Structures are given as C-alpha cells and as structure tokens.
Amino acid sequence: MTASTTTMNAGGGAELIDGKAMAAGMTADIREQVEMLVRQGHELPGLAVVLVGNDPASEVYVKNKAIQTHRAGMKSFMQMMPESTSQEELLALIEELNENPKVDGILVQLPLPPQIDAATVTNAIHPDKDVDGLGEVNTGRLALGMENGIVPCTPLGCLKLLQSVHEDMTGLKAVVIGASNLVGRPMAQLLLKANCTVTVAHIHTRNIEELARSADILVVATGKAGLVKGSWIKPGATVIDVGITRVQTPEGKSRLVGDVVFEEASRVAGHITPVPGGVGPMTIACLLHNTFQAASRRRASTEG
Ligand code: GUN
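For clarity, every value in this text was computed on a predicted model and none was experimentally measured. (Residues numbered from 1 in each chain as written. Predicted model: local features only at pLDDT ≥ 70, side-chain atom pairs only at ≥ 80, totals over all residues. Heavy atoms only, no water.)

A. A look at unusual backbone geometry. Between Leu-110 and Pro-111 the backbone carries a cis peptide bond, its omega angle lying at 0°. At the junction of Val-275 and Pro-276, the peptide bond is cis and its omega measures out at 0° in the coordinates. Along the polypeptide, Pro-276 turns up in the loop between β12 (271-272) and α11 (279-303). For Asn-195, which is not glycine, the phi dihedral falls at a positive 70°. The backbone phi angle of Asn-207 is positive, close to 50°, even though this residue is not glycine. Assignment of secondary structure puts Asn-207 in the loop between β7 (197-201) and α9 (208-213). On the accessibility criterion, Asn-207 (56% relative accessible area) is exposed. (Helix = DSSP H or I, 4+ residues; strand = E, 2+ residues; numbered from the N terminus. Buried < 20%, exposed > 50% of the residue type's maximum accessible area, 1.4 Å probe, protein only.)

B. Representation of the packing of helix α7 (residues 153-165) against helix α8 (residues 184-193) within the structure. Where α7 contacts α8, the axes come no closer than 9 Å and their chain directions differ by 40°. Viewed along their axes, α7 and α8 form a crossing whose handedness is right-handed. For the pair α7 and α8, contact is made by Pro-155, Leu-156, Cys-158, Leu-159 and Leu-162 and by Pro-186, Met-187, Leu-190 and Leu-191, respectively. The residue makeup of the contact of α7 with α8, split by class, is 9 nonpolar, no polar and no charged. (Axes fitted to C-alpha atoms, helices over the stretch in contact; angles between N-to-C directions. Left-handed = near helix turned anticlockwise from the far one by under 90°. Contact = heavy atoms within 4.5 Å. Nonpolar A, V, L, I, M, F, W, Y, C, P; charged D, E, K, R; others polar.)

C. Fine view of the side chain of Ser-164. Within the secondary structure, Ser-164 is located in helix α7. For Ser-164, a relative accessible area of 3% gives the class buried. Engagement of the side chain of Ser-164 in a polar contact is seen with the backbone oxygen of Leu-161, the distance being 2.6 Å. (Polar contact = N/O pair within 3.5 Å; in protein donor to acceptor, adjacent residues only side chain to side chain.)

D. Examining the site of the ligand more closely. The full set of residues close to the ligand is Leu-107, Val-108, Gln-109, Leu-110, Asp-132 and Leu-182. Leu-110 places a main-chain nitrogen or oxygen 2.9 Å from a nitrogen atom of the ligand. For the ligand, the protein covers 84% of the area, taking 280 Å² as the surface of the free molecule. (Near = heavy atom within 4 Å. Areas by Shrake-Rupley, 256 points an atom, 1.4 Å probe, with all protein chains shown as cover.)

E. Main features of the sheet that holds strand β5 (residues 105-108). The strand order across the open sheet built from 3 strands is β4-β3-β5, with neighbouring strands paired in parallel fashion. Only two strands of the sheet have a single neighbouring strand rather than two, namely β4 (75-81) and β5. The mean inter-strand angle of the sheet, taken between neighbouring strand axes irrespective of direction, is 15°. Note that strand β3 (residues 46-52) and β4 share 7 bridges and pair parallel. Paired with Val-52 across the two strands is Met-81, which belongs to β4. Contacting β3, β4 and β5, helix α3 (residues 56-71) runs over the sheet at an angle of about 160° to β4. (Pairing = 2+ DSSP bridges.)

F. The arrangement of the environment of Asp-55 in detail. Considering the arrangement of structural elements, one finds Asp-55 in the loop between β3 and α3. Accessibility expressed as a relative area gives 35% for Asp-55, which makes it partly exposed. Along the chain, Asp-55 and Pro-111 lie 56 residues apart, while their C-alpha atoms are 8.6 Å from each other.

G. Quick look at the layout of surface pockets. Within this model, the second largest pocket holds a volume of roughly 390 Å³. Elements that contribute at least two residues to the lining of the second largest pocket include exactly α6 (136-143), α7, α8 and α11. Grouping the constituent residues of the lining of the second largest pocket by class yields 8 nonpolar, 6 polar and 5 charged. (1 Å grid on protein atoms, 1.4 Å probe; cavity = no way out; pocket = protein on both sides within 12 Å on 5 of 7 lines; lining within 4 Å. Points joined across faces, edges and corners; volume = space filled by probe spheres on them.)

H. Spotlight on the environment of Leu-287. Structurally, Leu-287 can be placed in helix α11. We classify Leu-287 as buried; its relative accessible area is 1%. Distance in space between the C-alpha atoms of Leu-287 and Pro-114 is 25 Å, their sequence separation being 173 residues. Non-local contacts of Leu-287, meaning those with residues more than four positions away in its chain, are made with Leu-47, Lys-65, Leu-107, Val-131 and Cys-153.

I. Region of interest: the pattern of salt bridges. For the structure shown, the criterion picks out 6 salt bridges. Here Glu-43 ties to Lys-102 by a salt bridge, and the two come within 3.8 Å at their closest N and O atoms. Separated by 59 residues along the polypeptide, Glu-43 in the loop between α2 (19-39) and β3 and Lys-102 in the loop between α4 (87-99) and β5 bring together distant segments of the chain. The salt bridge involving Lys-234 is made with Asp-216; its shortest N-O contact spans 2.8 Å. Taken together, the residues span a long stretch of sequence, with Lys-234 in the loop between β8 (217-220) and β9 (238-241) and Asp-216 in the loop between α9 and β8 at a distance of 18 residues. A residue is classified by how much of its surface remains accessible, and Lys-234, at 29% relative accessible area, is partly exposed. Through salt bridges with shared partners, a single ionic network connects Asp-104, Arg-298 and Arg-299. (Salt bridge = Lys/Arg side-chain N within 4 Å of Asp/Glu carboxyl O.)

Listed below in structure tokens is the structure:
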C-alpha cells in the first residue's frame with residue numbers, strides 16, 4: 001500500500017497515518033487468501049485466544065480479536081478461564097491446543113494473574129503456533145535477523161505503518177521509547193533490520209527529550225498518557241504512538257489518548273498516527289496475518 005492511500009492531513013501540519021484503513025485493507029486481503037486456501041481443499045485456519053481472569057481492557061481486546069478473526073474468514077476458538085486458574089491448568093490447556101490440528105495459532109492474552117509466570121506460558125506455546133511471536137524461539141529468530149520467525153503483532157504493525165511513509169528507512173535515526181518485550185525490544189530489532197540507527201530509551205534514560213528530538217522516526221510505547229510533548233519532536237519526524245489510555249475529560253466523559261500529546265506533536269511532525277485508529281487496528285490485522293502465515297506453513301509441511 002502506498003503512502004497516499006494510508007495518510008491524510010492531520011490538520012496541524014503532519015499527515016495522519018491511517019492505521020484503521022490499512023488494517024481493513026490487510027484483513028480484506030487475508031480473507032481472499034483464506035478463500036483461496038479453502039478452494040484448494042484445505043481446512044479453515046483457526047486461532048485460539050486464551051483469556052485468564054476478568055480484566056475489562058483484556059476482555060475488550062480479545063472480543064475484538066475474535067470479531068476480526070471471523071471478518072478475515074478464519075475460525076476463532078475463545079478459551080475463557082477464571083482468575084483463580086493455576087499455571088498447571090493453563091499449561092495443560094496450551095498442551096491441548098498445541099496438539100489440536102484445527103488450531104494454527106495460539107495467543108494467551110497478557111497480563112496474566114500473579115500466580116502465573118508469563119514467560120513460562122508463552123514458551124509453552126509451540127513456536128510454529130506462537131502467532132504473538134513472544135516465545136524464546138521466535139524472539140531469538142528476530143534477534144538474529146532470520147526470516148523464518150513469527151514477529152510480534154504490535155511492532156510488526158508499526159513497521160508496516162512506517163513503510164507506508166518511508167519506502168526505504170536506510171540510515172534514518174530511530175528512537176524507541178519503551179523497552180518492553182511486547183513492543184519496544186522487538187520494534188528495535190525490526191528497525192535495525194530496516195537499516196535504521198536505533199536507540200532504545202527507557203525509564204533510566206538521561207536527556208530523553210533531547211534524544212527524542214534527534215529522531216527521524218520516533219516510536220513511543222510506554223503506557224504513560226501524554227508523556228511526549230510537541231517540544232520532543234524533530235520537525236518533519238514520523239511519530240508512531242503505541243500508547244492507549246482511557247482518561248476522564250473535564251466534562252465528565254472519557255476518551256482514549258496516546259503516549260504523545262497529539263495536538264502539539266501534529267504541529268511539528270511530518271507524519272503521525274492517531275489514537276485511536278493508528279497502531280491498535282494494525283496489531284489485530286498483524287495477528288490475522290501471522291495466523292494465516294502459520295496456517296499456510298502447517299498445510300504446506302503436512303502435504304510435503
Ligand atoms: N496484551 C496487550 N497486548 C498484547 C499482545 O499483543 N499480545 C498478548 N498476548 N497480550 C497482549
């Protein structure tokens with residue numbers, strides 16, 4: 001997809017990077033590919049999403065994942081487990097899903113309750129079904145710059161949004177604020193692979209404003225609403241805002257905001273993602289992409 005189909009003017013100077021439109025295009029493409037797979041006589045791809053507990057935000061996320069999975073023409077298997085679930089019970093379910101031939105992708109929604117170790121659980125998912133790309137095998141493949149791994153959905157979505165603006169990112173200075181396993185670290189690996197000069201900033205980083213202001217590409221994933229002000233942005237930079245926080249307005253309503261103060265940043269940046277409608281929809285579209293890829297690979301390997 002070209003920049004002209006995914007960006008529009010944000011009002012204050014920056015072009016808006018339209019993640020919602022790009023995600024809808026990706027989902028429609030995946031649906032066509034699923035239909036082709038079925039016409040060739042294959043089973044529908046299936047995605048299992050496991051939610052432990054009742055975190056309201058996670059409930060919304062997994063519901064959206066199921067809706068979009070159906071929209072892409074694939075099967076969705078939802079597994080809801082109570083907050084009191086033990087690690088052993090969750091590992092037993094993952095073992096079952098690993099063995100189930102109808103399941104091509106497995107995602108365990110994070111965060112998990114405190115009695116469960118997230119790393120143990122993500123590593124129990126078979127690497128070929130690890131559509132979140134968070135296990136050690138896929139993390140290692142990404143760190144080694146290998147092509148055969150599954151890339152975590154949010155950073156993959158950010159990369160696709162960046163590619164809609166920059167045909168070639170070679171030599172650009174990229175700063176990633178946030179060093180989480182879910183976003184910051186894999187994002188840095190992807191940018192490095194795209195030939196950027198990459199710096200990862202985190203809670204201990206000194207002179208973070210100055211560092212951010214040096215970036216041609218700024219990716220912000222901290223979960224701290226409004227951390228990045230307009231004065232942190234280099235004029236003309238591309239800004240990807242991964243944060244999404246619900247805040248109360250003075251009128252007593254609520255709205256979703258990012259980690260970047262959009263009104264300020266959009267006056268300085270060259271391109272910027274909105275919240276909502278930027279990274280969020282792309283995360284789900286990339287989950288569908290990863291699931292379809294996993295399904296295609298499994299069908300090819302069982303035929304060969
Ligand atoms: N919680 C918030 N984002 C994600 C994600 O991308 N994957 C999983 N498994 N849990 C999440």
